[in-house]
Amino acid sequence: MAAHLSYGRVNLNILREAARKELREFLDKCAGSKAIVWDEYLTGPFGLIAQYSLLKEHEVEKMFTLKSGRLPSADVKNIIFFVRPRLELMDIIAENVFSEDKMHSPRDFHILFVPRRSMLCEQRLKEQGVLASFINIDEYILDLIPYDGDLLSMEYESAFRECYLENDQTSLYHTAKGLMTLQALYGTIPQIYGKGECARHVANMMLRMKREFAGSQNQILPVFDTLLLLDRNVDLLTPLATQLTYEGLIDEIYGITNGYVKLPPEKFAQKKQGEASKDLPTEPKKLQLNSAEELYAEIRDKNFNAVGAALSKKAKIISAAFEERHNAKTVGEIKQFVSQLPHMQAARSSLANHTSIAELIKDITSTVCFWGHLGVCASLVSASEAFFDNLTVEQEFMTGVDTDKVNTYIEDCVAQKDPLIKILRLVSMQSVCNNGLKQKVLDYYKREILQTYGYEHILTLNNLEKAGLLKLQSSSRNNYPTIRKTLKLWMEDANEQNPNDISYVYSGYAPLSVRLTQVLARPGWRSIEEVLKMLPGPHFEERQQLPAGLHKKRQQGENRTTLVFFLGGVSYAEIAALRFLSQMEDSGMEYIIATTKLLNGTTWIKSLMDRPESQSS
């Protein structure tokens, strides 16, 4: 059992166990020894539901990655393909099946589509002449995966792209289905609020599904009081900004994938005294990051400037605990110390790891001034200089400084051929903060980008325009300053060490999405009706009838629970800001976060990029 999933207000282990039960049932359908052939993208999400030990208990003897050509040899009765419903994967499966048929080995083939069966994929298998080879064709509905005690993700990497570029609402259907599964396990959610076109679609689908299943609902006391559906395009600015929490920076710099991060190994090498350092490890250090690790749970949501002090404090506590051994005189005292030893050693190892990670981040982000405060600083060094300059420009855009003309820092970055994604993030940010760019400015940026990075990127620029990240200023009125002032999106002198507002996660900028969530709880969206009209898409409220006798009797001082669902992705800094709101004594609200995808500015822009070479292959 994943204990860290059941610590919170909502026991997300129930969801994980339901997914495991379904997986076991499918595996038992295929009697005899088995080999699983994985669509590589699914291995990470599945790892959060079931470890290899569970598969082994159900006679899974071998596991392979789906590749074209012949399957590796395996002396098993069943071969099961676990795949997403993608046409290109069907061609590879057909190749695999043909190669097995040529070997005349009596195998049973099965295919499990995740998260839904697809008629188009089955048709493709039929065209390839292999559909009849499959004994079982089934679907495994893995919509919402528990990542932590308060975090669920569908890890649907193309959801934003599909909704805003391709006008494909498949991900919204999966979202609605996932929310129905959640309500089957945790009870009907009485209130639904939403902002944005996609939010409206999801709410409509949910209400329709609920009518279709009327009468077959489980009689469960509701765990959630409210559901808030938020479109990513209501707040395009937040993911573009550099996250400044510990977890956010790990994701920005190294990338967190399915709860794991791969780090440069040098800082983690255990050098013994007198030993040469030539045998340093070359394999990246892979670490799991979740609240099961006490220290990580404590520091992940802090602004990076507060992490050093927290690690130092922890080091003193651990050191003092180890010193206790000198005071253990009696057998009972020694026995007690020994019983605490494994926990203390785990704490020491955890501290060593996070000190190394903090040093790696500090090398990139730190100048004297950044580590202390984001002020003006004269003595900067290369890597951290680039980070600091980038941050300064971001903060100028967010505060409305010179957003209507060509930015000299962006010009310099293009001239130095800095990574294209960095340029696209900054130009998009300037466009969003200025409600679009003047024709002259937009044309200049486009020309510079295409001449420097190649004309094939015209497709990417077109995608960013379609998604609303790059746009031409259509009216002379820029609403962003009004939105910024009304919602207090910029807080001067944000307290990074002992925060009193969500703006600490970006050292001054309060994420718009989280501010909307905060206002909804108190005093309510009626107070910001004008601002809501300035943001894209409709805002709405729906109520779901609860079966008689299932209305919650709230205890005095009991917090309400809101599920905030980000359609199109959410960043770790936004998650940190929502956790901060949950922990505020007077908020009266606890937040569980769900999303189609965990993202940062880089992975988000990447998902919108088009590479002609990969298109033609």
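Scoring rules and cut-offs
Sequence order as written defines the numbering, with residues in each chain counted from 1. Local features in this predicted model are restricted to residues of pLDDT 70 or higher, and side-chain atom pairs are both shown and tallied only at a pLDDT of 80 or more, whereas totals for entire chains, interfaces and linings draw on every residue. In computing side-chain properties, one takes all heavy atoms of the structure into account and sets aside hydrogens as well as water. Here a helix means four or more residues in a row that DSSP labels H or I, a strand means two or more in a row labelled E, and each is numbered from the N terminus. Both definitions apply: the radius of gyration is a C-alpha atom measure, and the globule rule equals 2.2 Å times residues to the power 0.38. Whether a residue is buried, partly exposed or exposed follows from its accessible area with a 1.4 Å probe, protein chains only, as a fraction of its type maximum: under 20%, in between, or over 50%, in that order. Here a pair means two rings of Phe, Tyr or Trp (six-membered ring of Trp) with centres within 6.5 Å. Their orientation is stacked below 30 degrees between planes, edge-to-face above 60, and tilted elsewhere. At least two DSSP bridges between two strands are needed for those strands to be called paired. Only protein atoms enter the 1 Å grid used here, on which a cavity is any set of points holding a 1.4 Å probe that cannot leave and a pocket is any open set flanked by protein within 12 Å on both sides along at least five of seven lines; residues with an atom within 4 Å of a point are listed as lining. Grid points are joined across faces, edges and corners, and a volume is the space filled by probe spheres set on the points. Gly falls in the polar group here, along with every residue not listed as nonpolar (Ala, Val, Leu, Ile, Met, Phe, Trp, Tyr, Cys, Pro) or charged (Asp, Glu, Lys, Arg). Working rule for contacts: check all heavy atoms of both residues, and any pair within 4.5 Å makes them a contact. Note on geometry: axes are lines fitted to C-alpha atoms, helical ones only across the stretch in contact, with angles between N-to-C directions running from 0 to 180 degrees. Here roughly perpendicular refers to angles of 65 to 115 degrees, roughly parallel to angles under 35, roughly antiparallel to angles over 145, and oblique to all remaining angles. Crossing chirality is assigned from the near helix's rotation relative to the far helix, an anticlockwise turn below a right angle marking it left-handed and a clockwise turn marking it right-handed. By convention a crossover is right-handed if, when the strands point away from the viewer, the path from the first strand over the helix to the second runs clockwise.

Colleague: Explanation requested: the overall build of the protein chain in the structure shown.
Modeller: Assigned secondary structure in the protein chain consists of 25 helices and 15 strands. The globule rule puts the C-alpha radius of gyration for 617 residues at 25 Å, and the 26 Å found for the protein chain is close to it. Expressed as lengths along the three principal axes of its C-alpha atoms, the size of the protein chain is roughly 75 × 70 × 65 Å. In the protein chain, buried positions account for 53% of the 617 residues.

Colleague: Sorry if this is basic, but what is going on with the packing of aromatic side chains here?
Modeller: The description of an aromatic ring pair uses the distance of the two centres, along with the angle that the planes make with each other. Inspection of the entire model under this criterion finds 17 aromatic pairs. When the ring of Trp38 is compared with that of Phe82, the centres are 4.8 Å apart and the planes differ by 55°; the resulting orientation is tilted. One end of the pair, Trp38, is in strand 1 (residues 34-38); the other, Phe82, is in strand 3 (residues 78-83), with 44 residues separating them in the sequence. Chaining the aromatic ring pairs together yields one cluster made of Phe26, Trp38, Phe46, Phe82 and Tyr140.

Colleague: Explain the sheet that holds strand 12 (residues 285-288) here, please?
Modeller: Pairing between sheet strands relies on hydrogen bonds along the backbone, with the strands arranged either parallel or antiparallel. The three strands are arranged 10-11-12 in an open sheet whose pairing can be described as antiparallel. Only two strands of the sheet have a single neighbouring strand rather than two, namely strand 10 (256-257) and strand 12. For strand 11 (residues 260-263) and strand 12, the ladder comprises four bridges, and the chain directions are antiparallel. By the bridge assignment, Tyr260 is partnered in strand 12 with Gln288.

Colleague: Where do I start with empty space enclosed by the protein in this structure?
Modeller: Here the structure, examined in full by the defined rule, presents one cavity of 30 Å³ or more. Lining the largest cavity are 13 residues; nearest its centre among them are Asp148, Leu151, Glu247, Leu289 and Tyr572. Elements that contribute at least two residues to the lining of the largest cavity include exactly strand 6 (145-148) and helix 23 (572-583). Of the residues contributing to the lining of the largest cavity, the split by class is seven nonpolar, two polar and four charged.

Colleague: Sorry, what's going on with the side chain of Arg161 here?
Modeller: Checked against the element boundaries, Arg161 lands in helix 6 (residues 159-164). Here Arg161 is in contact with Glu166, Asn463, Ser607, Leu608, Met609 and Asp610, once residues within four sequence places are set aside.

Colleague: Looking at this model, I keep getting lost on the layout of surface pockets. Mind explaining?
Modeller: If you roll a probe as big as a water molecule over the atoms, it shows you where there is empty space left. Space inside the largest pocket adds up to approximately 1200 Å³. For the largest pocket, the lining is made up of 50 residues, of which Glu155, Ile256, Thr257, Asn258 and Gly259 are closest to its centre. Element by element, the count of residues in the lining of the largest pocket is highest for helix 2 (residues 40-49), at seven residues. Residue classes in the lining of the largest pocket are distributed as 20 nonpolar, 18 polar and 12 charged.

Colleague: Would you mind showing me how to read the packing of helix 16 (residues 408-415) against helix 17 (residues 420-433) here?
Modeller: Describing two packed helices takes the angle between their axes plus the distance from one axis to the other. Contact pair helix 16 / helix 17: the axes reach a minimum separation of 10 Å and the direction vectors enclose 160°. The pairing of helix 16 with helix 17 is recorded here as roughly antiparallel in orientation. In the packing of helix 16 onto helix 17, the handedness of the crossing is left-handed. Between helix 16, through Tyr409, Ile410, Cys413 and Val414, and helix 17, the contact on the second element is made entirely by Lys422, Ile423, Leu426, Val427 and Gln430. The class makeup of the residues in the contact of helix 16 with helix 17 is seven nonpolar, one polar and one charged.

Colleague: Mind showing me how you'd approach the pairing of strand 5 (residues 134-139) here?
Modeller: Remember that side chains alternate between the two faces of the sheet whenever the strand is regular. For strand 4 (residues 108-113) and strand 5, the ladder comprises five bridges, and the chain directions are parallel. When the sheet's bridge partners are listed, Phe113 is paired in strand 5 with Glu139. The handedness of the strand 4 to strand 5 crossover, carried by helix 5 (residues 119-127), is right-handed.

Colleague: Honestly, the sheet that holds strand 7 (residues 151-153) in this entry has me stumped. Any pointers?
Modeller: Strand order in the open sheet made by the seven strands is 6-7-15-14-9-8-13, with mixed pairing throughout. Where the open sheet ends on each side, the last strands, each with one partner, are strand 6 and strand 13 (539-543). Neighbour to neighbour, the strand axes of the sheet diverge by 20° on average, direction disregarded. Of the strand pairs in this sheet, strand 9 (residues 226-231) and strand 14 (residues 560-567) are connected by six bridges, and their pairing is parallel. Note on strand 14: the bridge partner recorded for Leu228 is Val564.

Colleague: Honestly, the environment of Pro264 in this entry has me stumped. Any pointers?
Modeller: Here Pro264 lies in the loop between strand 11 and strand 12. On the basis of relative accessibility, which here comes to 23%, the residue Pro264 falls in the partly exposed class. In this structure, Pro264 is in contact with Tyr254 and Leu360, ignoring residues within four places of it in sequence.

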